[in-house]
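# Working through the structure, step by step
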Amino acid sequence: MSQPSVLRSAVVPAAGLGTRFLPTTKAVPKELLPVVDTPGVELIAAEAAEAGAQQLLIVTSPGKESVAGYFEAAPDLEKTLEARGKEALLEKVQRAPGLIEVKTVYQYEPKGLGHAVAQAEQALAEDEQAIAVLLPDDIVLPTGVLNRMIEVRAEKGGSVLCAFDIPKEEISPYGVFDVSDTGDPDVKQVHGMVEKPSAEEAPSTFAAAGRYVLDRAIFDALRRIEPGAGGELQLTDAVQLLIDEGHPVHIVVHRGGRHDLGNPGGYVRAFVDFALQHPDYGASLRTWLQERLEN
C-alpha cells in the first residue's frame, strides 16, 4: 500500500507550440498525439493520480484548450458505444475523465518552464505545501517514481527531483546534478546543476528527468530570479536559488527507462515500445519488425 501523499496538485506544463512536430501541431497539440491509442497526456495524468494527486493543473496557452478538453466526459459518444455493445471502447473513453480533476491555467507568453510553473500558484489552496511537476514530454517507466519522491520529501523536507544514471560518455545533452551521497544509494543531496556539460566537466552521471516534487517555496524563488536567455525564467535557476539559501534539495535516481515524446524520433520509439506490449498488436508487430529489419 502506497504512503499517504503530501501533495494534492500536479502541474503539467503544456503551453508550448510543439514546433518539432509541425505541421501536425498546427491543429493537434503534441500532448494529444497517441501512444498507440492513448494520448501522452493521459499517461501523465494516470501517473499523477497513482501518486495520490487530486487535481491536475494543465498550464496551457490560448488555442490549446483541447488538451484539458480531452478529460471532459463525452456523453453522446458514450451512449452510442453503449447502445452498440462496445463495452471495451466505452471503458477506454470513460477512463480519462475518471482519473483526476483537471483544471486549466494559462501562460499567455512563452517565457520558459519556470514561468509556466509559476502560473499554477493561483490554483493552489493556501494550505498546500508542495506540488508535483510532470513534464508531458517525458514518459518515465515503470511508473511509481513520484511515490518514492514523495517519501523522500517526507523524510528530508525540501524539494525532490528525479534523475537517471547516464553513462558518462552520453551525459553532455543533459542537465547534470552536482551531488553528495546519503545513506541510500538511490537518494543524493543536490548542491547544484550544470546544463549540458562535456563528459570531462560533468559533476556526476546523474541527469535530470521531467519529474519534480517542489516545496511551495519555489514560487517565491521564481519571483526573485532574473530571466535568462530569451527572457525566459528557468525552473533550474529557481531551484539553485533555494539550494544557495539552504533549502534541502535531493534527487531520487530512477533505475528504469524513459521515452522522450517531445521529438519525432523519441515519439516513434515510445509508440513502438508500447505497441510491442499491446495484447492486440504486439505479436504481429514484432513479427513484422523482424521481417522488415531482415530485408
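Rules behind the numbers
Residue numbering note: each chain is counted from 1, following its sequence as written. The model is predicted, so local features are restricted to residues of pLDDT at least 70 and side-chain atom pairs to those at 80 or more, both for listing and for counting; the totals for chains, interfaces and linings are taken over all residues. Derived side-chain values reflect all non-hydrogen atoms in the structure, with water molecules and hydrogen atoms excluded from consideration. UniProt positions are given in the numbering used here, feature names are shortened, and annotations may be inferred rather than shown by experiment. In plain words, nonpolar cores are sets of buried Ala, Val, Leu, Ile, Met, Phe, Trp, Tyr and Cys residues tied together by side-chain atoms within 4.5 Å. Think of it in three bands: residues with accessible area under 20% of the maximum for their type are buried, residues over 50% are exposed, and the middle band is partly exposed, with areas taken using a 1.4 Å probe on protein chains only. Where helices and strands are cited, they refer to DSSP runs of H or I of at least four residues and of E of at least two residues respectively, numbered from the N terminus. Throughout, a residue-residue contact means that at least one pair of heavy atoms, one from each residue, lies within 4.5 Å. Two N or O atoms count as a polar contact when they lie within 3.5 Å, although within protein this holds only if one can serve as hydrogen donor and the other as acceptor, and sequence-adjacent residues are included solely when both atoms are side-chain atoms. Structural elements are reduced to axes, namely lines fitted to C-alpha atoms, with helices fitted over the stretch in contact, and the angle between N-to-C directions of any two is expressed from 0 to 180 degrees. Throughout, the term roughly parallel applies to angles under 35 degrees, roughly antiparallel to angles over 145, roughly perpendicular to angles from 65 to 115, and oblique to all others. Salt bridges are counted wherever a side-chain nitrogen of Lys or Arg sits within 4 Å of a carboxyl oxygen of Asp or Glu. Note on aromatic contacts: the rings of Phe and Tyr and the six-membered ring of Trp form a pair at centre separations within 6.5 Å, being stacked when their planes are under 30 degrees apart, edge-to-face when over 60 apart, and tilted otherwise.

For the protein, an unreviewed UniProt entry supplies the name UTP--glucose-1-phosphate uridylyltransferase and the organism Pseudonocardia halophobica. Regarding the protein, the UniProt comment filed under Sequence similarities (unreviewed entry) reads as follows: "Belongs to the UDPGP type 2 family." As recorded by UniProt, the Catalytic activity (unreviewed entry) comment attached to the protein reads in full: "alpha-D-glucose 1-phosphate + UTP + H(+) = UDP-alpha-D-glucose + diphosphate".

## Some points on the nonpolar core
The biggest cluster of nonpolar side chains holds 45 residues, and the ones touching the most others in it are Leu56 and Met149. Ranked by the residues each element gives to this core, the list is headed by helix 6 (residues 145–156), at five residues. Apart from residues lying up to four places away in sequence, leucine 56 is in contact with Ala10, Val12, Ala45, Ala48, Phe71, Ile100, Glu101, Val102 and Lys103.

## So, the side chain of lysine 64
Among the secondary structure elements, lysine 64 is positioned in the loop between strand 4 (55–60) and helix 2 (66–69). Of the polar contacts made by the side chain of lysine 64, one reaches the backbone oxygen of glycine 16; its length is 2.8 Å. Ignoring any residue separated from it by four or fewer positions in sequence, one finds lysine 64 in contact with Ala14, Ala15, Gly16, Pro29 and Glu31.

## Some remarks on the packing of helix 9 (residues 264–276) against helix 10 (residues 282–294)
Across the interface, helix 9 lies against helix 10 with an axial gap of 7 Å and an inter-helix angle of 125°. Relative to helix 10, helix 9 is oriented oblique. Side by side, helix 9 and helix 10 meet where Val272, Ala275 and Leu276 of the first sit next to Gly282, Leu285, Arg286 and Leu289 of the second.

## Topic: the pattern of salt bridges
For the structure shown, the criterion picks out 18 salt bridges. Between aspartate 127 and arginine 8 there is a salt bridge; the shortest N-O distance is 2.7 Å. Of this pair, aspartate 127 sits in the loop between helix 5 (113–118) and strand 6 (130–134) while arginine 8 sits in the segment before strand 1 (9–13); the two residues are 119 residues apart in sequence, bridging distant segments of the chain. What makes arginine 8 partly exposed here is its relative accessible area of 28%. A salt bridge links arginine 95 to glutamate 42; the shortest N-O distance between them is 2.5 Å. Of the two residues, arginine 95 is situated in helix 4 (residues 87–95) and glutamate 42 in helix 1 (residues 40–50); the sequence distance between them amounts to 53 residues. Among the residues examined, arginine 95 registers a relative accessible area of 35% and is labelled partly exposed. Of the residues examined, glutamate 42 reaches a relative accessible area of 3% and is grouped as buried. Residues joined in a network through salt bridges with shared partners are Arg148, Glu151, Glu155 and Asp184.

## A short note on the environment of leucine 134
Considering the arrangement of structural elements, one finds leucine 134 in strand 6. By relative accessible area, leucine 134 is classed as buried at 0%. Placed 47 residues apart in sequence, leucine 134 and aspartate 181 show a C-alpha to C-alpha distance of 25 Å. Setting aside its immediate chain neighbours within four residues, leucine 134 contacts Ala10, Val11, Val12, Pro13, Ile44, Glu47, Ala48, Leu146, Gly210 and Arg211.

## Section: the packing of aromatic side chains
Counted by the stated rule, this structure contains four aromatic pairs. Aromatic side chains tyrosine 70 and phenylalanine 71 sit 5.4 Å apart centroid to centroid with 85° between the ring planes, which places their arrangement in the edge-to-face category. Judged by relative accessible area, phenylalanine 71 falls into the buried class, the value being 7%. When the centroid spacing of 5.5 Å and the interplanar angle of 20° are considered together, the rings of tyrosine 106 and tyrosine 108 count as stacked. For tyrosine 108, a relative accessible area of 62% translates into the label exposed. Every member of this aromatic cluster is reached through a ring pair, and the members are Phe21, Tyr267 and Phe271.

## Structural notes on the UniProt feature "domain: Nucleotidyl transferase" (unreviewed entry) in the protein
Cross-referencing UniProt, the feature "domain: Nucleotidyl transferase" (unreviewed entry) maps to residues 10–273 in the present numbering. End-to-end, the C-alpha atoms of residues 10–273 are 26 Å apart, and along that stretch the chain is 30% helix and 27% strand.

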